[in-house]
Amino acid sequence: MDYQALAELLYPSLRHDCDYYEKLYPERDLPEGARVTRFAPSPTGYLHLGGVYQVMCDERLAHRSDGVFMLRIEDTGSKRELADGIRVICDGVAKFGIKIDEGVGIDGETGKYGPYIQSRRAEIYHTFAKKLVAEGKAYPCFCSAERLEAMRAEQEAAKVNPGYYGKYAVCRELSYEEVKAHLDNGDKFVLRFKACPTGERPNFTDCVRGRIDVPENDIDMVIIKSDGIPVYHFAHVVDDHLMRTTHVVRGEEWLATLPLHVQLFEAFGWKRPEYIHTATIMKLDNGGKRKLSKRKDPEAAVEYFFTEGYPKEALIDYLLMLLNSNYEEWRSENPDASYEEFPYAVEKMSNSGCLFDFSKLYDISKNVISRMNAEEAYASSILWSEKYDEAWHTLFTADPEKAGAVLSVGRGGERPRKDIGTGKELPAYAGFCFDETFAPDYAPLAGFDKDDVKKVFETYPSLWDAEDDQQTWFNRIKELAVSMGYAPDTKTWKKNKESYKGHAGDISMMLRVAVTGRTNSPDLCEVMKILGAEKVKERLDKAAAAL
Ligand code: GLU
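Read on for a plain summary of the structure. None of these values were measured; they are calculated from a predicted model.

**Description of the nonpolar core**
Part 1 of the argument: Counting residues in hydrophobic clusters, the biggest one holds 166 residues, and the most contacted among them are F128, L191, F234 and F457.
Part 2 of the argument: Here this core gets nine residues from one element, more than from any other, and that element is helix 11 (residues 312–323).

**Considering the site of the ligand**
Part 1 of the argument: Close to the ligand lie R38, A40, S42, E74, Y232, V249, R250 and W254, which account for all nearby residues.
Part 2 of the argument: Between the ligand and the protein, one listed contact pairs an oxygen atom with a side-chain N or O atom of R38 at 2.7 Å.
Part 3 of the argument: In this structure, W254 approaches the ligand through a side-chain N or O atom, which is 3.2 Å from an oxygen atom.
Part 4 of the argument: Burial of the ligand by the surrounding chains reaches 82%, relative to a free accessible area of 290 Å².
Part 5 of the argument: In the shell around the ligand, the residues fall into four nonpolar, one polar and three charged.

**Digging into helix 21 (residues 504–516)**
Part 1 of the argument: With 13 residues, helix 21 ought to run about 18 Å at 1.5 Å a step, and its terminal C-alpha atoms sit 18 Å apart, in line with that.
Part 2 of the argument: With eleven of 13 residues buried, helix 21 lies mostly within the body of the structure.
Part 3 of the argument: All of the buried residues along helix 21 are A504, D506, I507, S508, M510, L511, R512, V513, A514, V515 and T516.

**Observations concerning the pattern of salt bridges**
Part 1 of the argument: Within the structure shown, the criterion is met by 41 salt bridges.
Part 2 of the argument: Salt-bridge contacts for R87 lead to D91; the nearest nitrogen and oxygen are separated by 2.7 Å. In this pair, R87 and D91 both sit in helix 4 (residues 85–95), four residues apart, roughly one turn of the helix.
Part 3 of the argument: Given a relative accessible area of 26%, D91 falls into the partly exposed group.
Part 4 of the argument: Residues D239 and R121 are paired through a salt bridge, measuring 2.8 Å at the closest nitrogen-oxygen approach. Taken as a pair, D239 in helix 8 (residues 232–242) and R121 in the loop between strand 4 (108–110) and helix 5 (122–134) lie far apart in primary sequence, 118 residues in all. Taken as a pair, D239 and R121 share a single burial class, namely buried.
Part 5 of the argument: Through salt bridges with shared partners, one network takes in R38, R72, E74, R121, D239 and D240.

**With respect to the packing of aromatic side chains**
Part 1 of the argument: This model, assessed by the stated rule, comprises 28 aromatic pairs.
Part 2 of the argument: When the centroid spacing of 6.5 Å and the interplanar angle of 75° are considered together, the rings of Y11 and F189 count as edge-to-face. Of this pair, Y11 sits in the loop between helix 1 (3–10) and helix 2 (18–24) while F189 sits in the loop between helix 7 (176–184) and strand 6 (190–193), and the two are 178 residues apart along the sequence. By the burial criterion, Y11 is buried, and F189 matches it.
Part 3 of the argument: Ring pairs connect the aromatic residues Y20, Y21, Y25, Y113, F128, F234, F268 and W270, which therefore count as one cluster.

**Remarks on the packing of helix 5 against helix 9 (residues 258–268)**
Part 1 of the argument: Between helix 5 and helix 9, the least distance of the axes is 11 Å, while the angle of their chain directions is 75°. For the element pair helix 5 / helix 9, the angle class is roughly perpendicular. Taken together, the residues of helix 9 that come into contact with helix 5 (itself represented by F128, K131 and L132) are L264, A267 and F268.
Part 2 of the argument: A class-by-class count of the residues in the contact of helix 5 with helix 9 yields five nonpolar, no polar and one charged.

The rules behind these values
Residues numbered from 1 in each chain as written. Predicted model: local features only at pLDDT ≥ 70, side-chain atom pairs only at ≥ 80, totals over all residues. Heavy atoms only, no water. Core = buried A, V, L, I, M, F, W, Y, C linked by side-chain atoms within 4.5 Å. Buried < 20%, exposed > 50% of the residue type's maximum accessible area, 1.4 Å probe, protein only. Helix = DSSP H or I, 4+ residues; strand = E, 2+ residues; numbered from the N terminus. Near = heavy atom within 4 Å. Polar contact = N/O pair within 3.5 Å; in protein donor to acceptor, adjacent residues only side chain to side chain. Areas by Shrake-Rupley, 256 points an atom, 1.4 Å probe, with all protein chains shown as cover. Nonpolar A, V, L, I, M, F, W, Y, C, P; charged D, E, K, R; others polar. Expected span 1.5 Å × (residues − 1). Salt bridge = Lys/Arg side-chain N within 4 Å of Asp/Glu carboxyl O. Phe/Tyr/Trp six-rings, centres within 6.5 Å; stacked < 30°, edge-to-face > 60°. Axes fitted to C-alpha atoms, helices over the stretch in contact; angles between N-to-C directions. Parallel < 35°, antiparallel > 145°, perpendicular 65-115°, else oblique. Contact = heavy atoms within 4.5 Å.

Geometric values such as these leave the question of function open.
As structure tokens, this is what we get:
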């Protein structure tokens, strides 16, 4: 068979040959050890948490080695793709503040190794497919769906492996004339890769999993579909070669077809990239583990976390903690360092399952938020509110100084308060500072003597001084308490309960309930300063009227 003639017959009008593309996309001129990685999602209109998990790994590998991180869009699948699928991915990655060096962005493509959208690379795929045909390594297959169905039934009956191989691979034997007759007849063909099994299990390693033991591929797999579009396996090999990818980080679902990818790299005589197959993110459900499901679990989409107002820093910390076993320890030793300073290492990646733990993320998020200074907390919270809670946004940003003051309470110092874990919790936490969202629950006041409560509310405004520091502020409450027959502190009260109506803490609780509308609030002395004398008095009067 004259394979060269067959190649010309199948792909007569390509503008370039493979050498042209090899020169167009030369080896990259990067420092020794630089890693070139890519995130290669399908534009399904959805950015899965597992995708960002891979992005973090890709990004760290590339940027810690002065390498390149690319975003490639794999839109050759037959699944329905949403019109704004690319935007959802770009937006999602951008929300993490991650820099994409090359590839697809919201405003188009950048980089010299493109196009980075697979549907724009048809001619490249055909050129390389043609090369395989010309070397007798791929061939057209005209088998109809019915013929393939019959083959499957025959294989089932004979209890042999299913698939297009050996004696079942009838189109392997087609002559040039037969192929030509099919084409003249307008018949569609798929291109199959001629598997040449050696009978030995292939030997390859994954950077994280070590030696991978999967059976070699002995099926003549389709590499180009009848519409001329390549399947994932072929596009992966061609793209990652031409884009000079050094490390392929992808889901473990691709392990099973790795033998085919290896054969394709060998057929072209190309060096294959290193592989890192990431574990699927699982969640606990009913005592068992299952995959995070797009249908059942809102948290499978990263957008969910932004809707809730998790700061990106918390998500990054959490994902890096899942990715590198020593990240958590590093973070506790370096609470204020940027994650970029962490010595991310492939060797520290875990090769076991990956369990998504909401409460862990929430704790991390509380830590992250508590470590922010007031300006950072403000910026982070309004990033959330401007998109997800308009009413609160308007209220909170109307007086940024006040908002900043509200957020400063309990911040700084060795043990900052950890009141909120998400932006969504801020309105409930800080809402009492604004009349519009002040929704007091006075019920706890019923636990105190009504006349005493009234007296406290009447007397307190004249005692309060905005200049008081914490200690003086509390001393005044103590004095008021003592003057009303309450103990100055709980210790004194506990020793001699019969002699007192209660203790100073009861007085501050009455004030807290009146001023903040609840029993648990940030530092009351600070809160009163933010509200000011007039507002404090107004709230005390309001509470008194409700008695
Ligand atoms: N488009 C493939 C996926 O979404 C990419 C796998 C890869 O990174 O090679 O699973």
